[in-house]
Every structure is written in structure tokens, then in C-alpha cells.
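Examining the three-dimensional arrangement
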Amino acid sequence: MAKPTSPPEETDDNDPTLESLADRLGKPEPGMIEALLDGTTESQLVERGRQIASSRVLTDLRRLYATAHACWSGASKEKREKLRGFSPELLALAVEQALALERLLEAHESAGQKKDAARATKDAALRERLSRALLLRDQAYEVLRGVAGSGKEAREELAQAVGTAEDPGALARGLTRLAALGKRYLVQKKGPLAVRAKLMRLDLDYVERLEETAEELTQAAKTAAARPAGQKVTSGDLDRADGINLILLEQIVRVFERANEQDPTIPRLVPIATRRLFSRSTRKKATETPGGGGGAAGSGGSAGTGSTGGAPPDGEDPLEGDDAPV
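The structure contained in this document is the topic of the report that follows.

Quick notes on the overall build of the protein
Each helix and strand counted, the protein has 12 helices and 0 strands in total. Each helix (α) and strand (β) of the protein, taken in turn from the N terminus, gives the series α-α-α-α-α-α-α-α-α-α-α-α. Expressed as a percentage of the 326 residues in the protein, the buried residues total 37%. Considering only contacts in the protein between residues 6 or more positions apart, those separated by 24 or more positions represent 83%. Only carbon and sulfur atoms are counted for the fraction: they give 51% of the accessible area of the protein, which is about 19100 Å².

This is the structure in C-alpha cells:
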């Protein structure tokens, strides 16, 4: 006869939050998490946590820890004996680490949002600088073209100075060269060129404006391309916290699984969001029938037909055997 199993715990919108569980359980004693992780390397924690998103881990922690606390709070002495391996102190430690992960995730996501907003602001500022610089460059070209006159060499020199606007750097260089050309024109105080400069209103203030715009554009491009300052919460920090929480969750899930095998009224803690880290293929029990039909060849039964032989497979087990869940 197949062993009866209890249904997975039911979720309830009124389940206590991690914060309320922490208030009820109290703060764990110092040194507990270090003792639990003794022998586990940092790389092992990070590697385990890297396999799943922090938000999925938290989804299961909130639900399963609330169920574990409710079960323990209402359990008789006999049921608590079957829950050997579990304690309020262990749950308090698990809840504390879950809250730490929750805070890390919030800080990480907040930093990401701020970084995206800062990037958008920098990009908008650069686009504005580019637009203004391009308009000024085109205007300066027309002004200097009028000052240079119709000579071929002067026109070619002007065309070479203006350059292109394929990127902010090229546009800034063009503005700088146009400013230098303008200064050369202003040196001549007499003659046709000086007269054309006066007619075109080319003066030192205008040349300096070209130089300032080139500098502002260069600075805006550097700011937009600069990498953001290192975030306080890195992906590695999150992966490590995930790894710690998965170790604690695994321990608690295992205890309730073994207790359920002894007393089906004790709920199994079935991971859902993190199921793929804890799932395994269903077990099959090979038991012989009175007619000798164990499914083996030559035993009198039909091998591989499924009509005789072992008992039906047990239901899905959320554990990965006796090893780590990954």
C-alpha cells in the first residue's frame, strides 16, 4: 500500500510577513550563521545562488517559513519530536537571512533604476549639446566663408577646417579648427579680409564662443561614456546571499519531508518558485508480487509491460536525494 502523503501547504493572504516572523522569533544569537556555513566556501555559495533569481528565492522563503512557523507553533510534543532537525532558533536564523536578502535585492534594484535614470539624463544632455554645437558649426562655416572670400585656397582651407560631425569628438575638433581660423582672420586689421570680417560680424567673442562650445561638447561626451561608480550591492553579493538562503531552506524542507513520512498530518514544504533546484524524478519501488511477477526476465511475468510487478511510484519528492539540491 502506498504511503499516504499530506497535500502541499496552502498559501494564505494572511500569512505573516518575514518582518512579523522576525518579531515573533526574535534575533538569533551571534555566530550562528558562521557556524552553519563552516566548511562552505564563498565560491560554493556564489555558484549555488547564481542558478536562480533572488526574487524567486524570496517568493518561496516568505511562503514556506510562514507555514513552518505555523506548524511548529501548533504542534504537539509528539509532532515536535518528529520534527527533529528543526528549531525556532533555526527558523529565526533563516528568517534573518531572508530579510537580509530582501534588503540587498531592494538596494540592487534601486541602484539599477538610478543608474538607468542617470544614463538617460546624460544621453539627453549629450544630444542637446550635439544639436547646439552642430547649428553653431554650420553658422560659423557661413560666417568664415564670407570672410575668406572666393579664393580657391581659402575655400579649401575652410572646408578642411570644418571637418565632419560623425561623432562628438569630430564635431568638437571642427569647432576648434574654425575658431583657430577665425583668430587668424582677426589678426589682419586692414585690407579686404578685415572689411569682410567686419561685414560678417566676426569678432573675438564669437571665436571664443566656438572654443567654449567645443569644450562643453567634449566634456558632455566624456560624461556620457563614463562608467557609473561601483554599486554598493553587486550581483556577486546577491548570489552569495541566495546561496546562504538556499542552504537554510534546504535544511528546513528536508526536516519537514522526513517528519511527513512519519506523520502525514505534518505538512510537506514544497518549493514552487525554486522547484527546479529541489525536484527529482519520482521514485519507483521494485517489490515482488505473490505470483513471482517482479518484472524481471524469466520470472514468469512480462518484463517491461507494466501489468505486473512493483508498486506504483511515489509522488514527486521535492528533494534531490541526500546531497545538495543543485
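Quick word on the pattern of salt bridges
According to the stated counting rule, one finds 15 salt bridges in the structure shown. For Glu 96, the salt bridge is made with Lys 27, and the minimal N-O distance between the two is 3.1 Å. Taken together, the residues span a long stretch of sequence, with Glu 96 in helix α6 (residues 88–148) and Lys 27 in the loop between α1 (18–25) and α2 (32–36) at a distance of 69 residues. When its relative accessible area of 72% is taken as the criterion, Lys 27 is described as exposed. The residue Arg 63 makes a salt bridge to Asp 60 at a minimum N-O spacing of 3.0 Å. A residue pair is termed a helical-turn pair when its members lie 3 or 4 positions apart in one helix, as Arg 63 and Asp 60 do in helix α4 (residues 54–73) at 3 residues. Of the two residues, Arg 63 and Asp 60, both sit in the buried class.

As for helix α10 (residues 204–225)
An ideal rise of 1.5 Å per residue puts 32 Å on 22 residues; α10 measures up with 32 Å between its terminal C-alpha atoms. Among the residues of α10, those classed as buried are Tyr 206, Val 207, Leu 210, Thr 213, Ala 214, Leu 217, Ala 220 and Ala 224. In a view along the axis of α10, the buried residues occupy a sector of 150°, so they form one face of it. Residues of α10 that are exposed and angled more than 90 degrees away from the buried face: Asp 205, Glu 215 and Lys 222.

Overview of the packing of aromatic side chains
In this structure the tally under the stated criterion is 2 aromatic pairs. Each ring, one from Phe 86 and one from Phe 256, has its centre 5.3 Å from the other, and the planes form 80°; the classification is edge-to-face. Taken together, the residues span a long stretch of sequence, with Phe 86 in the loop between α5 (77–82) and α6 and Phe 256 in helix α11 (residues 235–262) at a distance of 170 residues. The pair formed by Phe 86 and Phe 256 is uniform in burial state, with each residue classed as buried. Site record: aromatic cluster; members linked through ring pairs are Trp 72, Phe 86 and Phe 256.

Digging into the packing of helix α7 (residues 152–162) against helix α8 (residues 168–187)
Following both chains from N to C, one finds α7 and α8 inclined at 145°, their axes separated by 7 Å at the closest point. When α7 is examined against α8, the residues Glu 157, Leu 158, Gln 160, Ala 161 and Val 162 are found in contact with a partner set consisting of Gly 174, Arg 177, Leu 178, Leu 181, Arg 184 and Tyr 185. In the contact of α7 with α8, the residues fall into 6 nonpolar, 2 polar and 3 charged.

Notes on the environment of Pro 192
Inspection of the secondary structure puts Pro 192 in helix α9 (residues 192–199). Separated by 43 residues in sequence, Pro 192 and Gly 149 have C-alpha atoms that sit 8.9 Å apart.

Quick look at the nonpolar core
One finds Tyr 65, Leu 83, Phe 86, Leu 248, Ile 252 and Phe 256 to be the most contacted residues of the largest nonpolar core, which totals 41 residues. Contributing elements (two or more residues each) for this core: α1, α4, α6, α11 and α12 (275–278). For this core, the element with the highest residue contribution is α11, accounting for 12 residues. When near neighbours in sequence (up to four residues on either side) are disregarded, Tyr 65 contacts Leu 18, Leu 21, Asp 60, Leu 91, Ala 94, Val 95, Ala 98, Asn 245, Leu 248, Leu 249 and Ile 252. Counting 29 residues, the second-largest nonpolar core is a separate cluster that includes Ala 172, Tyr 185, Leu 210 and Ala 224.

Section: unusual backbone geometry
Excluding glycine, a negative phi dihedral is what most residues carry, and trans is how most peptide bonds are arranged. Even without glycine at this site, Arg 201 takes up a positive phi of about 60°. In this fold, Arg 201 is placed in the loop between α9 and α10.

Cut-offs and rules
- Within any chain, residue numbers begin from 1 and follow the written order of that chain's sequence.
- pLDDT decides what is reported in this predicted model: residues at 70 or higher carry local features, side-chain atom pairs at 80 or more are listed and counted, and totals for whole chains, interfaces and linings draw on all residues regardless.
- Calculation of side-chain values draws on the structure's entire complement of heavy atoms; hydrogens and water are dropped beforehand.
- Counting from the N terminus, the helices are DSSP H or I runs at least four residues long and the strands are E runs at least two residues long.
- A simple rule labels every residue: compare its accessible area, found with a 1.4 Å probe on the protein chains alone, to the largest value its type can have, and call it buried under 20%, exposed over 50%, or partly exposed in between.
- Whether two residues are in contact is decided by their heavy atoms: any pair within 4.5 Å suffices.
- The accessible surface values rely on the Shrake-Rupley method and a 1.4 Å probe; as for residues, cover is taken only from the protein chains in view.
- A pairing counts as a salt bridge when a side-chain nitrogen of Lys or Arg comes within 4 Å of a carboxyl oxygen of Asp or Glu.
- Expected span of a helix, by definition, is 1.5 Å for each gap between consecutive residues, and there is one gap fewer than residues.
- Note that the arc is defined by the directions from the helix axis to the C-beta atoms.
- Two rings from Phe, Tyr or Trp (for Trp, the six-membered ring) form a pair when their centres sit within 6.5 Å of each other. Planes less than 30 degrees apart are called stacked, planes more than 60 degrees apart edge-to-face, and all others tilted.
- Note on method: axes are straight lines fitted to C-alpha atoms, helices fitted across the in-contact stretch only, with angles between N-to-C directions ranging 0 to 180 degrees.
- In this count, Pro and Cys sit with the nonpolar residues alongside Ala, Val, Leu, Ile, Met, Phe, Trp and Tyr, while Asp, Glu, Lys and Arg are called charged and the others, Gly among them, polar.
- We define the nonpolar core as a collection of buried residues of types Ala, Val, Leu, Ile, Met, Phe, Trp, Tyr and Cys that are connected through side-chain atoms lying within 4.5 Å of one another.

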